[in-house]
Amino acid sequence: ASMNNDYDSVLKNIARNLRRLRKNQSLSQHQLSYRSDVNRTYIGYLENAKHNVSIGTLCSLAKALDCNIEDLTNPIPNEFVKGHIIKSAIDGFFF
């Protein structure tokens, strides 16, 4: 199995997971910003895979979302993504 450790893949994993975990808790970017002490605009950049992220920021976000750093960096299994996209299409929301 290939390891998806290249820069873009990891940023995309973080973007998808951050948005998914935040929405699972019904948190707005503003609420997550307040909880994590991470700038809201910066959270938006991360959710769109547009910005590098420090380990310190990942720790703050993971703590605010009550998850592990790996929950933010690991790839989402394809079957989960497909199921989520179908559900999201019904909800009118896409990654």
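Here's a quick rundown of the structure.

### Digging into the environment of Thr-57
Turning to its location among the elements, Thr-57 is positioned in helix α4 (residues 55–64). Spatially, the C-alpha atoms of Thr-57 and Val-38 are 7.1 Å apart, while their sequence positions differ by 19 residues. Setting aside chain neighbours within four positions, we find Thr-57 in contact with Val-38, Tyr-42 and Leu-46. Within the local environment of Thr-57, its side chain forms a polar contact with the side chain of Ser-54, the two groups lying 3.0 Å apart.

### Quick notes on the nonpolar core
Ranked by internal contacts, the top residues of the largest apolar core, which has 17 residues, are Leu-18, Leu-32, Leu-61, Leu-65 and Leu-72. Looking at this core, the elements with two or more residues in it are α1 (7–24), α3 (40–47) and α4. Element by element, the count of residues in this core is highest for α4, at 4 residues. In contact with Leu-61, not counting residues within four places along its chain, are Leu-18, Leu-32, Ser-36, Val-38, Ile-43, Leu-46 and Leu-72.

### A few points about the pattern of salt bridges
Under the defined criterion, the tally for this structure stands at 2 salt bridges. One salt bridge connects Arg-19 with Glu-47, and the closest N-O pair in it is separated by 3.3 Å. Within this pair, whereas Arg-19 is found in helix α1, its partner Glu-47 is found in helix α3, the two being separated by 28 residues in sequence. Side by side, Arg-19 and Glu-47 carry an identical accessibility label, which is buried. Note that Glu-47 and Arg-22 form a salt bridge whose closest N and O atoms lie 2.6 Å from each other. Pair noted here: Glu-47 is in helix α3 and Arg-22 is in helix α1, with a separation of 25 residues, a long-range link. Considered together, Glu-47 and Arg-22 belong to a single accessibility category, that of buried residues. Several salt bridges converge on common partners, so that one network encompasses Arg-19, Arg-22 and Glu-47.

Criteria and thresholds
Residues numbered from 1 in each chain as written. Predicted model: local features only at pLDDT ≥ 70, side-chain atom pairs only at ≥ 80, totals over all residues. Heavy atoms only, no water. Helix = DSSP H or I, 4+ residues; strand = E, 2+ residues; numbered from the N terminus. Contact = heavy atoms within 4.5 Å. Polar contact = N/O pair within 3.5 Å; in protein donor to acceptor, adjacent residues only side chain to side chain. Core = buried A, V, L, I, M, F, W, Y, C linked by side-chain atoms within 4.5 Å. Buried < 20%, exposed > 50% of the residue type's maximum accessible area, 1.4 Å probe, protein only. Salt bridge = Lys/Arg side-chain N within 4 Å of Asp/Glu carboxyl O.

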